Amino acid sequence: MASGGGIYRNGTHRNSLKGTTTTSTASTDRPFSLNSDPSKPAVKIKSSSLVGSSSGSRKSSPGSLGGGAAKDDAGVPGRVRVAVRLRPRNAEESVADADFADCVELQQELKRLKLRKNNWDTDTYEFDEVLTEFASQKRVYEVVAKPVVEGVLNGYNGTIMAYGQTGTGKTYTLGRLGEEDTANRGIMVRAMEDILAEVSPERDTVSVSYLQLYMESLQDLLDPTKDNISIIEDHKSGDVSLPGATVVEIRDQQSFLELLRLGEAHRHAANTKLNTESSRSHALLMVHVKRSVKGRESAHSSENSNNTSMSKSLRPPLVRKGKLVVVDLAGSERIDKSGIEGHTREEAKSINLSLSALGKCINALAENSAHVPVRDSKLTRLLRDSFGGTARTSLVITIGPSPRHRGETASTIMFGQRAMKVENMLKLKEEFDYKSLARRLDIQLDNLIMEHERKEKEFEAEIGRITTDVQNRISEAERNYADAMEKERLKYQKDYMESIKKLEEKWMMNQQNQGSERQEQMVHTAEEVAELNKLLSKETSLRKAAEDEVNNLKSQLAQLKMSEASGNSEILKLRKMLEGEVSQKKKLEGEISILQSQLLHLSFESDKTRRRLDRGGAGNDTGGLDSLFSQVRPQLKDSGNGEKASVARLFEQVGLQKILSLLEAEDADVRIHAVKVVANLAAEETNQEKIVEAGGLKTLLTLLGSSEDETIRRVAAGALANLAMNETNQELIMSQGGISLLSMTATNAKDPQTLRMVAGALANLCGNDKLQTKLSGEGGLKALLGIVKCGHPDVLAQVARGIANFAKCESRASTQGNKSGRSLLIEDRALPWIVQHSNSDASPIRRHVELALCHLAQHEVNAKDMINEGALWELIRISQDCPREDIRTLAHRSLTSSPTFIAEMRQLQIDY
């Protein structure tokens, strides 16, 4: 809120914010600590006398804004803490009220505020903290917000809210970014600094949602397309959840500042007499903190040191969840003072109605009424846990010094006084982190499987080596034996043949010399006989030696056969060992199944324990945990097959490079699964840059152009659509020929889902201002319009979205002077299709087409073509019958600002 010459308005420049953290102290007399006396009454003194002061401790309220938590829930009482902050006079008040004294006087030491009724009479009020106009932003944070932030870090819900008249500094107190001067940082930035300084990036998580309540419609400031988010209430626990809101995980302070800038850019604001930039909606920043509790697991394991190692591995870690809600309420204002009219008047009425409903609920809780009208407004439904619930709540009311606004200042003070009478029952939120336990069991299971496979491979390799060695030794022995036998046979055969030959020669000689030499022959015969006897004896000895050699070789052969038998017995032994390993493998698989069954049983027991904790309170935590562990035993009969690893765990374990390499695998099924995994990863913004850097974009484009499988083309187009949500990736897709590949896919595809993915990618590219001309020149628009032949509603919705994005970018470029001439959509003959589907029965198609017509009509150069195609009648219908007010307003402005449209309506005698 602007005041004091612009002192209280949030800056817009992007300067880096240093992560300074204020050290908290455990002081028991902190103004907003839980140990403060809840029975301290709100005091109002009139004319220095005590009037109508209440005494005694206030009992717990019968219910919160949403009915409250159950009375039997364990909790700690804690009153709503209220601080008042006075802003300095602004330039206008310094001139207009120069002759008048301030209507309020602060007594900071006594924590009192005096409200001047006239020159003689004042009313005095007491608050938990009184902050003068000189109080620094750091001082405001320490007394108002720091105790609540510490409670959130310890597992409690907390609420910080600013209430006051328009222009008194609510947004300055809560949402100031402090980009020019870090000392001006508001509560939101300082609270996130303290949270990020305390949490551990490895074990803890911090996530943020940023929303606004505008005209009783809950809208997402981080994603403006989500304009009607539903509120889900858990009547058992009293929690309020917003399942449709965008949730962003925060890792550092810079990313949080970027989110705040994005949210502030989308928040509704208007210029009034009270404030040049008045917030027209209630802003809600929701911070969810999840922290692991240290020390609980080690303490429990020391008490149960005799438990088995399996039960220790099944012990889930304990986590605490806290939710911080920072509420920047829109300022209450009187219409006659703010000077607003038209749509801004309707906004003010809606703001005042929601603030009135909140005041009624505070009154009912302060008076201990049996009925709290929480259903009167979405604001009170969202704050059901902040007043009378289980959250620790700090309220800062902001006021101005001007006597002209004394009535609004008195109303703000009375709202704070009533809020001080409301008590909450603070409840610690603890639960077991079974997801972490499941991940640990999955890792243990994978390690067991890998170790078993490794031992099995080593065993098979050893058996193969032994078998090969035995076979080689047998073959070598057989070859040596056969060679020796053959050599001996040839040797004896040769000696025998030579002896026979000699005998025959001698006999022939004896026959020839028989006559004359008979006597001599007989002598020689005797000598020959003797020699033959010698030879015969020699031959006999040689034969005996040969027989001995043969017997020796036979004994060697027998030994070799015995060695072979021994080798066979060793092989049998190894086979038995293999069978033992197989049985061990089956046993391990059985143990794995038991672990999986125990995990399912543990999840069931955790639900029972959580329900018992909800009924019995935090005091039964230790007993419930012991009971849960005592019931986990490996005695389950049935075993499941387990769940497949999620894509996130696959990404962490396998690695992006390995997944991308599978896109080029020869097996079609492998490629299909790999491209699905890449598409799922590309849906997360944090993975897109990694995929592009690893060459995933180029591989996806190659698959889109070369694959003949319809499934691969469909999923690859979906992955490209996800990547095309990033502006940098859009330019890379264009530079690498992505438009031609998408156009070719659109021409060849017959499956509506494939066409929907291609249309989605082209629609995302149409939203880039820098690619307009190139997109039309390379045939992207014609390809998008060609897809409409499919006729499927989902495909047509994507085509309509792309046309709307293209028309919006063209409109922006023309307004900035970067483009002239007719629209490229009109030149590519898209206008007839737009007019034809401007009144489609399908809401998504109609909404985008109506936006496209309105953007085309904003430029006079397109007016004649639109009249010729019948778009004028559709614009008139949209300005009168469109259910969305912003589109109606845009159509009306386009009609009334175009001279060509005005002249045509006069000629047609249309009274508009």
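Residues take numbers from 1 onward in each chain, read along the sequence in its written order. Owing to the predicted nature of the model, reporting of local features is limited to residues with pLDDT of at least 70; listing and counting of side-chain atom pairs is limited to 80 or more, with chain, interface and lining totals taken over all residues. Side-chain metrics rest on all non-hydrogen atoms present in the structure, leaving aside hydrogens and water.

## Brief notes about the overall build of the protein chain
- Here a helix means four or more residues in a row that DSSP labels H or I, a strand means two or more in a row labelled E, and each is numbered from the N terminus. Within the protein chain, the regular secondary structure consists of 33 helices and 21 strands.
- Counting all 912 residues of the protein chain, 46% fall into the buried class.
- When contacts within the protein chain are restricted to residue pairs at least 6 apart in sequence, those whose partners lie at least 24 apart make up 75%.
- The protein chains shown are the only cover counted for residues, whose accessible areas, like all others here, come from Shrake-Rupley with a 1.4 Å probe. Carbon and sulfur atoms provide 50% of the accessible area of the protein chain, an area that totals close to 46800 Å². Relative accessibility thresholds used throughout: buried, under 20% of the residue-type maximum; exposed, over 50%; partly exposed, between the two (1.4 Å probe, protein chains only). The criterion used for residue contact is that any of the two residues' heavy atoms lie within 4.5 Å.

## Observations concerning helix 19 (residues 696–706)
- Turning to helix 19, its buried residues number three or more, namely Gly696, Leu697, Thr699, Leu700, Leu701, Leu703 and Leu704.
- Contacts made by the buried residues of helix 19 are with helix 16 (656–661), helix 17 (668–682), helix 18 (685–693), helix 20 (710–723), helix 21 (727–735) and helix 22 (738–748).

## Quick look at helix 2 (residues 137–153)
- Note that bend, as reported per residue, equals the angle between axes fitted to the 7 residues terminating at that residue and the 7 residues originating from it. The axis of helix 2 is deflected most strongly, by about 50°, at Ala145, and proline Pro147 appears within four residues downstream.
- Burial of helix 2 is extensive: 14 of the 17 residues sit out of reach of the surface.
- Within two residues after helix 2, Gly155 carries a phi angle of roughly 105°, on the positive side.

## Brief notes about a nonpolar patch on the surface
- Two distance rules govern patches: like charges are joined within 9 Å, and nonpolar side chains (Val, Leu, Ile, Met, Phe, Trp, Tyr) within 5 Å, applied only to residues with over 30% relative accessible area and no salt bridge. Note on definitions: salt bridges are taken to be side-chain nitrogens of Lys or Arg within 4 Å of carboxyl oxygens of Asp or Glu. On the surface, Leu503, Leu532 and Leu535 cluster together into a nonpolar patch covering about 210 Å² of accessible area.
- With respect to the helices and strands, Leu503 occurs in helix 12 (residues 434–512).
- Taking the relative accessible area as the measure of exposure, Leu503 reaches 37% and is therefore partly exposed.

## Some words on empty space enclosed by the protein
- Method remark: on a 1 Å grid restricted to protein atoms, a set of points is classed as a cavity if a 1.4 Å probe fits but cannot get out and as a pocket if it is open with protein on both sides within 12 Å along at least five of seven lines; lining residues have an atom within 4 Å of a point. Grid points are joined across faces, edges and corners, and a volume is the space filled by probe spheres set on the points. Throughout the structure, instances matching the rule amount to five cavities of 30 Å³ or more.
- By volume, the largest cavity is sized at about 110 Å³.
- Around the largest cavity sit 14 residues that line it, and Lys323, Val325, Leu382, Asp385 and Ser386 are the ones nearest its centre.
- Mapped by element, the contributors of at least two residues to the lining of the largest cavity are strand 9 (158–164) and strand 18 (318–328).
- Amino acids outside the nonpolar list (Ala, Val, Leu, Ile, Met, Phe, Trp, Tyr, Cys, Pro) and the charged list (Asp, Glu, Lys, Arg) are all regarded as polar, and Gly is one of them. Partitioned by chemical class, the residues of the lining of the largest cavity number six nonpolar, five polar and three charged.
- As a volume, the second largest cavity reaches approximately 70 Å³.
- What lines the second largest cavity is Ala807, Glu810, Ser811, Ser814, Lys819, Gly821, Ser823, His855, Leu856, His859, Val861 and Asn862.
- Contributions of two or more residues to the lining of the second largest cavity are made by helix 26 (793–815) and helix 29 (843–856).
- Counting residues per element, the lining of the second largest cavity draws most heavily on helix 26, at four residues.

## Regarding the packing of aromatic side chains
- Note on aromatic contacts: the rings of Phe and Tyr and the six-membered ring of Trp form a pair at centre separations within 6.5 Å, being stacked when their planes are under 30 degrees apart, edge-to-face when over 60 apart, and tilted otherwise. Scanning the entire structure with this criterion turns up one aromatic pair.
- Where Tyr163 meets Phe415, the ring centres are 3.9 Å apart and the plane angle is 10°; that geometry is what we call stacked. Separated by 252 residues along the polypeptide, Tyr163 in strand 9 and Phe415 in helix 11 (residues 406–419) bring together distant segments of the chain.
- Residue class for Tyr163 comes out buried when judged on its relative accessible area of 7%.
- You can call Phe415 buried: its relative accessible area is 2%.

## What to know about the nonpolar core
- Formed by 87 residues in total, the largest nonpolar core has its most connected members in Ile787, Ile803, Trp833, Met866 and Phe901.
- With near-sequence residues (within four places) excluded, Ile803 lies in contact with Leu784, Leu785, Leu825, Trp833, Ile834 and Ala852.
- Buried Ala, Val, Leu, Ile, Met, Phe, Trp, Tyr and Cys residues form a nonpolar core when they are joined through side-chain atoms within 4.5 Å. Formed by 49 residues, the second largest nonpolar core is a distinct cluster that contains Phe127, Ile229, Leu395 and Met420.

## Topic: the packing of helix 22 against helix 23 (residues 752–766)
- Only C-alpha atoms enter the line fits that serve as axes; for helices the fit covers just the stretch in contact. Angles between N-to-C directions range over 0 to 180 degrees. In contact at an axis separation of 10 Å, helix 22 and helix 23 are set at 150° when each is read in the N-to-C sense. Accordingly, the angle class assigned to the pair helix 22 and helix 23 is roughly antiparallel. Between helix 22 and helix 23 the crossing geometry is left-handed. Contacts between helix 22 and helix 23 involve Ile739, Leu742, Thr745 and Ala746 on the former and, on the latter, Thr754, Leu755, Val758, Ala761, Leu762 and Leu765.
- Broken down by class, the residue content of the contact of helix 22 with helix 23 amounts to eight nonpolar, two polar and no charged. In what follows, roughly perpendicular refers to angles from 65 to 115 degrees, roughly parallel to angles under 35, roughly antiparallel to angles over 145, and oblique to any angle outside these ranges. The sense of a crossing depends on the near helix, which, turned anticlockwise from the far helix by less than a right angle, makes the crossing left-handed and, turned clockwise, makes it right-handed.

## Some remarks on the environment of Ile691
- If you trace the backbone, Ile691 turns up in helix 18.
- In this structure the C-alpha to C-alpha distance between Ile691 and Leu681, which are 10 residues apart in sequence, comes to 8.3 Å.

## With respect to the pairing of strand 6 (residues 112–116)
- The two faces of strand 6 differ: Leu113 and Leu115 on one face are buried, but Arg112, Lys114 and Arg116 on the other face are not.
- Following DSSP output, two strands are said to pair if at least two bridges run between them. What sits between the antiparallel neighbours strand 5 (residues 104–107) and strand 6 is a turn of four residues, in which Lys111 has the positive phi angle 55°.
- Strand direction decides the pairing type here: strand 6 and strand 7 (residues 122–126), joined by five bridges, are antiparallel. Following the sheet pairing, Arg116 is matched in strand 7 by Thr122.
- The turn joining strand 6 and strand 7, which pair antiparallel and follow one another in sequence, is formed by five residues.

## Things to note about the side chain of Asn157
- Mapping Asn157 onto the fold places it in the loop between helix 2 and strand 9.
- The buried category is assigned to Asn157, whose relative accessible area is 5%.
- For this analysis, a polar contact is any N or O atom pair within 3.5 Å, provided that within protein one partner can donate a hydrogen and the other can accept it, and provided that sequence-adjacent residues contribute only side-chain to side-chain pairs. Only 3.1 Å separates the side chain of Asn157 from the backbone nitrogen of Lys323, close enough to count as a polar contact.
- When near neighbours in sequence (up to four residues on either side) are disregarded, Asn157 contacts Val152, Asp239, Gly322, Lys323, Asp385, Thr390, Ala391, Arg392 and Lys429.

## Some remarks on the side chain of Thr393
- With respect to the secondary-structure elements, Thr393 resides in strand 19 (residues 392–399).
- Among the residues examined, Thr393 registers a relative accessible area of 2% and is labelled buried.
- A distance of 2.4 Å separates the side chain of Thr393 from the backbone oxygen of Ser386, its partner in a polar contact.
- At a separation of 3.3 Å, a polar atom in the side chain of Thr393 contacts the side chain of Asn424.
- Look past the residues within four positions of Thr393 in its chain and what remains in contact with it is Arg79, Val80, Arg81, Thr159, Ser386, Phe387 and Asn424.

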